[in-house]
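Geometric and topological summary
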Amino acid sequence: MQVEVAGLVDPTPWPSDLEAEFPLDSGWLAQRDPDGSIRADLDQLNQLEEGTISNSDVARLLELSLATAGIVAYLRAAATD
């Protein structure tokens, strides 16, 4: 599982032209979060200030969701060269 999660949240292997942010005003979030629970979690994590959802924000959401379920998870930054 760690390898799979790392493949999703570690930006090191991603293509350089990958758009890694989603504007909040595009309707993307509203379509996938009709009850507002994702937006509430993003707000709890102070991730709504920039007006976009980055891959890092998604990783923080995953960390929060796992913690809420009682699963210990740690978000760590990828090593840089």
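My aim in this report is to walk through the structure given alongside it, one point at a time.

Conventions and cut-offs
Residues numbered from 1 in each chain as written. Predicted model: local features only at pLDDT ≥ 70, side-chain atom pairs only at ≥ 80, totals over all residues. Heavy atoms only, no water. Helix = DSSP H or I, 4+ residues; strand = E, 2+ residues; numbered from the N terminus. Buried < 20%, exposed > 50% of the residue type's maximum accessible area, 1.4 Å probe, protein only. Contact = heavy atoms within 4.5 Å. Areas by Shrake-Rupley, 256 points an atom, 1.4 Å probe, with all protein chains shown as cover. Core = buried A, V, L, I, M, F, W, Y, C linked by side-chain atoms within 4.5 Å. Salt bridge = Lys/Arg side-chain N within 4 Å of Asp/Glu carboxyl O. Lys, Arg positive; Asp, Glu negative; His and termini not counted. Polar contact = N/O pair within 3.5 Å; in protein donor to acceptor, adjacent residues only side chain to side chain. Expected span 1.5 Å × (residues − 1).

**Description of the overall build of the protein chain**
The secondary structure content of the protein chain amounts to four helices and two strands. Helices (α) and strands (β) of the protein chain occur, in sequence order from the N terminus, as α-β-α-α-β-α. Residues counted as buried form 20% of the 81 residues belonging to the protein chain. Intrachain contacts of the protein chain at a sequence separation of at least 6 include 43% that bridge at least 24 residues. When the accessible surface of the protein chain is totalled, it reaches about 6,200 Å², and 54% of it is carbon and sulfur.

**A few points about the nonpolar core**
Leu29, Leu42, Leu45, Ile53, Leu61 and Leu64 together form the largest nonpolar core, which totals six residues. Sequence-distant contacts of Leu45, defined by excluding residues within four places in its chain, comprise Arg60, Leu61 and Leu64.

**Thoughts on the pattern of salt bridges**
For the coordinates displayed, the defined rule picks out one salt bridge. Across the salt bridge formed by Glu63 and Arg60, the nearest N and O atoms sit 3.7 Å from each other. Here Arg60 and Glu63 lie together in helix H4 (residues 55-68), a separation of three residues that amounts to about one turn. You can call Glu63 partly exposed: its relative accessible area is 22%. Given the relative accessible area of 27%, Arg60 is considered partly exposed.

**Focus on the side chain of Asp33**
Position of Asp33 among the secondary structure elements: in the loop between helix H2 (28-32) and helix H3 (37-44). Of the side chains bearing the opposite charge, Arg39 lies closest to the buried Asp33, which forms no salt bridge; the N-O distance is 5.4 Å. Here Ser37 takes part through its backbone nitrogen, which lies 2.9 Å from a polar atom of the side chain of Asp33. Aside from chain neighbours lying at most four places away, what touches Asp33 is Ile38 and Arg39.

**What about H4?**
For H4, with 14 residues, the first-to-last C-alpha span of 20 Å sits near the 20 Å given by 1.5 Å per residue. All buried positions along H4 are accounted for by Asn55, Asp57, Ala59, Leu61, Leu64 and Leu66. Count one or two residues on from H4 and you reach Gly70, which has phi positive near 85 degrees.

**Here's the deal with the environment of Leu29**
Take Leu29: it is sitting in helix H2. The spatial distance from the C-alpha of Leu29 to the C-alpha of Ile53 is 9.1 Å, given a sequence separation of 24 residues.

**Some remarks on the environment of Asp41**
By secondary structure assignment, the location of Asp41 is in helix H3. The exposure class assigned to Asp41 is partly exposed, which follows from its relative accessible area of 25%. A C-alpha to C-alpha distance of 8.0 Å links Asp41 and Leu64, two positions 23 residues apart in sequence. In contact with Asp41, not counting residues within four places along its chain, are Leu61 and Leu64.

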